[in-house]
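Residue-level structure breakdown
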Amino acid sequence: MAMKIFAAPACLTAVLTIGMLTVCATQSSGDTNYHTVGGLKGWTINVNYAEWASREQFMVGDTLLFVYDANHYNVLEVGQTGYDSCNEKNLLMNVTDGEDGVFRLFEAKSYYFISSSALCLEGDLRLAIHVQGTSVTTPPPRPPPPSPPQTEEYSSANTCTRLNMILTSLLKLIILWGGVFN
């Protein structure tokens, strides 16, 4: 039944995501890449995250965006044992605290994410990825908010980054909107 309520937002989500991918296709390799976990489906039950991850290339400095219904799901970083057993006992980080589903990949290593134990076990809500590249010893400082451009010249990377942030925010609002009317 929940799928009918999300039908219109899902269509809008697909249009926004396709637009974002089209604009960002020219983004240079030196920029941060954003990976919306699960693609159009986001972070929800019964999605094959192993298949999704196999189509992505994760590099140090990239960012994972977990788009989800906060009333039903959470995102927890765990070790491999926690991932294998769907156990949050030795939680490394609650990704849904603070920046609400945004996770920056600072180290070249394997990362493991689950949702609470029951959802992980019943809906296979878990993700394992391997990040390549050179590890960053300390996270870089957050960039200041973008200032208005002084000239009419815009770089494709800046345009892509701004569009990516706007569309991600819109996706989250659409999911929240769907949850309000659920």
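Up top you'll find the structure we're talking about.
Residue numbers here run from 1 along each chain, matching the order of that chain's written sequence. The model is predicted, so local features are restricted to residues of pLDDT at least 70 and side-chain atom pairs to those at 80 or more, both for listing and for counting; the totals for chains, interfaces and linings are taken over all residues. No hydrogens and no water enter the side-chain calculation; it runs on all heavy atoms of the structure.

Some thoughts on the sheet that holds strand β1 (residues 34–36)
Stated formally: Criterion used throughout: strands pair if DSSP finds at least two bridges between them. What counts as a helix is a DSSP run of H or I of at least four residues, what counts as a strand is a run of E of at least two, and both are numbered from the N terminus. Axis angles are defined between N-to-C directions and span 0 to 180 degrees, where every axis is a line fitted to C-alpha atoms and, for a helix, only to the segment in contact.
Spatially, three strands are ordered β1-β3-β6 in an open sheet, and the strand pairing comes out mixed. One side of each edge strand has no neighbouring strand; the edge strands of this open sheet are β1 and β6 (102–104). Within this sheet the neighbouring strands show an average axis-to-axis angle of 20°, counted without direction.

Observations regarding the sheet that holds strand β2 (residues 58–59)
The strand order β2-β8-β7-β4-β5 describes an open sheet built from five strands, whose pairing is mixed. Two strands lie at the open edges of the sheet, namely β2 and β5 (93–94), each paired on one side alone. Summarising the sheet, β2 and strand β8 (residues 126–132) pair through two bridges and their orientation is parallel. Looking at the pairing, Phe-58 lines up with Val-131 of β8.

Quick look at the packing of aromatic side chains
Note the threshold: Under the pairing criterion, centres of Phe, Tyr and Trp rings, with the six-membered ring standing for Trp, must be within 6.5 Å; the plane angle then separates stacked pairs below 30 degrees from edge-to-face pairs above 60, leaving the rest tilted. Relative accessibility decides the category of a residue: with a 1.4 Å probe and only protein chains considered, values under 20% of the type maximum give buried, values over 50% give exposed, and everything between is partly exposed. Any Lys NZ or Arg CZ that is within 6 Å of a ring centre and within 35 degrees of that ring's normal is treated as a charge sitting over the ring.
Following the criterion strictly, the structure yields eight aromatic pairs and no others. Here the aromatic rings of Trp-43 and Tyr-49 are separated by 5.1 Å at their centres, their planes lie at 45°, and the arrangement is tilted. Residue Trp-43 is classed as buried on the basis of its relative accessible area of 1%. Given the relative accessible area of 2%, Tyr-49 is considered buried. An aromatic cluster is present here, built from Trp-43, Tyr-49, Phe-66, Phe-103, Tyr-111 and Phe-113 joined pairwise through their rings. Directly above the aromatic system of Tyr-111 lies the positively charged group of Lys-109, at a separation of 4.8 Å from the ring centroid. For the cation-ring pair, Arg-126 lies above Tyr-83, with the distance from its terminal atom to the ring centre recorded as 5.2 Å.

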